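This is what each chain is made of:
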Amino acid sequence: MMKYGFGVDLGGTTVKIAYFDEQGTMLTKWEIPTVTADGGKQILPDIAAAIRQFVEQKTIDPADVIGVGIGVPGPVNSRGVVNKCVNLGWGVFNIAQELSRLTGFPVKAGNDANVAALGEFWKGGGKGCDNMIFVTLGTGVGGGMVVEGNLLHGAHGAGGEIGHLVLNRDETETCGCGKKGCVEQYCSANGIVRLGRKALESYEGTSKLSRFDPLTCKDIFDCGKAGDELALQVLDQYYAYLGEFLGNICNVVDPDAVVLGGGVSKAGQVLLDGTRPYFDKAVFHAARGARFELASLGNDAGAYGAFKLALDAFGK
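Bear in mind that the values here come from a model prediction, so they are computed numbers and not experimental data. Residue positions are given per chain, counted from 1 along the sequence in the order it is written. Selection of residues for local features in this predicted model requires a pLDDT of at least 70, selection of side-chain atom pairs for listing and counting requires 80 or more, and totals for whole chains, interfaces and linings are taken over all residues. Excluded from the side-chain calculations are hydrogens and water; all other atoms, namely the structure's heavy atoms, are used.

Examining the sheet that holds strand β4 (residues 65-72)
Put simply, the rule reads: One bridge is not enough; two strands pair if DSSP finds at least two bridges between them. Secondary structure follows DSSP: runs of H or I at least 4 residues long count as helices, runs of E at least 2 residues long count as strands, and numbering of each begins at the N terminus. To obtain each axis, a line is fitted to C-alpha atoms, and for helices this fit is confined to the stretch in contact; angles are then taken between N-to-C directions over 0 to 180 degrees. The contact criterion used throughout is that any non-hydrogen atoms of two residues lie within 4.5 Å.
The strand order across the open sheet formed by five strands is β3-β2-β1-β4-β7, and the pairing between neighbours is mixed. The sheet terminates laterally at β3 (26-33) and β7 (107-111), the two strands that pair on one side only. This sheet shows a mean twist of 20° between the axes of neighbouring strands, independent of strand direction. Judged from the seven bridges that link them, strand β2 (residues 14-21) and β3 form a sheet pairing that is antiparallel. Paired with valine 15 across the two strands is isoleucine 32, which belongs to β3. In this fold helix α3 (residues 95-103) packs onto β4 and β7, with an angle of close to 140° to the strand it touches most, β7.

Laid out in structure tokens, this is it:
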């Protein structure tokens, strides 16, 4: 008989909940608001209530539910202990045990970026790989790694925090993490805007970039595609940073594929084509065979990966 389960992607604004069969088919999905007031005390009860209500409305036999997987925006160790989620107001506690108590189902928890990586590995751009790096290029830079078919969690739940590797030791501005010169300062959507603004300050020619206030990542890519000279210079600088960063990561993991997601990846093939030459220069020759892919699951990657956590833990 077919078994089922839930994948939960917990964000700072909304909670995405999806219901899957054991083959990984998403049968339905919905969202509820993330209530962060009062230290986020209502978040898990709200998630549990939404799952219990769904089970009751669909007259699902609880015995047919494999379990619940959840990705959260913070470090989570292998035992399900969250080590602070600042955006949610959470401290240190065992989220897996608490959500299991509230739902009555077994729960497996992981960091949201790592869980999204697992989703892309399972059903998205990394499908068919044994080793994969997933990089989210959004407001910040996050990601996750799958090594020999297993998601890398790390001893403290902080595995895959690739956005805070140092790219430039001469940087004078401070990253949000407190260090200087992090990947996130150059390779995120905010990073490319930062590069664009700096370039405008010293550019003596005319550029369409000067028309935008505020300047966005999309503006820079659009102007570059239209042939704007300054935009192309900024993009080339961006590709150089991104290529060096990805090359360094691949020197460690030697993946089958590098999967790029997040808002910057919406630029499409031009992002992959622009980055590849710089990657090839930075990476050790034996690891140069990694293919580049765009993430294909979009905002559903976290839910897919969360369910896969539960399936791997409880579905055997």
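Moving on from the model shown.
Examining the packing of helix α6 (residues 189-202) against helix α7 (residues 217-225)
Relative placement of two packed helices is described by the angle separating their axes and the distance separating the axes. Our working rule: For this classification, Asp, Glu, Lys and Arg are treated as charged, while Ala, Val, Leu, Ile, Met, Phe, Trp, Tyr, Cys and Pro are nonpolar and the rest, including Gly, are polar.
In the contact formed by α6 and α7, the axes pass within 8 Å of each other and the chain directions differ by 60°. Residues Ala189, Ile192, Val193 and Gly196 of α6 pack against Cys217, Ile220 and Phe221 of α7. Tallied by class, residues from the contact of α6 with α7 come to six nonpolar, one polar and no charged.

Some details on the pattern of salt bridges
So the rule is basically this: Whenever Lys or Arg places a side-chain nitrogen within 4 Å of a carboxyl oxygen from Asp or Glu, that contact is recorded as a salt bridge.
Counting across every chain of the model gives 10 salt bridges. Residue lysine 308 pairs with aspartate 312 through a salt bridge whose shortest N-O separation is 2.7 Å. One end of the pair is lysine 308 and the other is aspartate 312, both in helix α10 (residues 301-314) and four residues apart, which spans about a single turn. Among the charged side chains, a network of salt bridges with common partners joins Glu171, Glu173, Arg194 and Lys198.

A look at the sheet that holds strand β9 (residues 141-147)
One open sheet holds the five strands; their spatial order is β10-β9-β8-β11-β12, and the pairing between them is mixed. A single partner strand is all that each edge strand has here, and the edge strands are β10 (150-151) and β12 (291-294). Note that strand β8 (residues 132-137) and β9 share six bridges and pair antiparallel. Within β9, the position partnered with phenylalanine 134 by the bridge is glycine 144. Across the sheet, helix α8 (residues 229-253) lies against β8, β9, β11 (257-261) and β12, angled at about 150° from β8, the strand it touches most.

A look at the nonpolar core
In plain terms, the rule: The set of buried Ala, Val, Leu, Ile, Met, Phe, Trp, Tyr and Cys residues whose side-chain atoms join them within 4.5 Å is what this entry labels a nonpolar core. Exposure is judged per residue with a 1.4 Å probe applied to protein chains only, and the accessible area is read against the type maximum: over 50% gives exposed, under 20% gives buried, and values in between give partly exposed.
One finds Leu137, Cys187, Tyr238, Phe245 and Leu271 to be the most contacted residues of the largest nonpolar core, which totals 45 residues. Going through the elements one at a time, β8, β9, α5 (184-187), α6, α7, α8, β11 and α9 (269-282) are the ones with two or more residues in this core. With 13 residues, the top contributor of residues to this core is α8. The residues touching leucine 137, leaving out its near neighbours within four places in the chain, are Cys187, Tyr238, Leu242, Leu260, Gly261, Gly262, Gly263, Val264 and Leu271. Core analysis: the next-biggest nonpolar cluster, separate from the first, contains 32 residues, Ile32, Leu44, Phe54 and Val68 among them.

The values reported here are purely geometric and, on their own, carry no functional implication.
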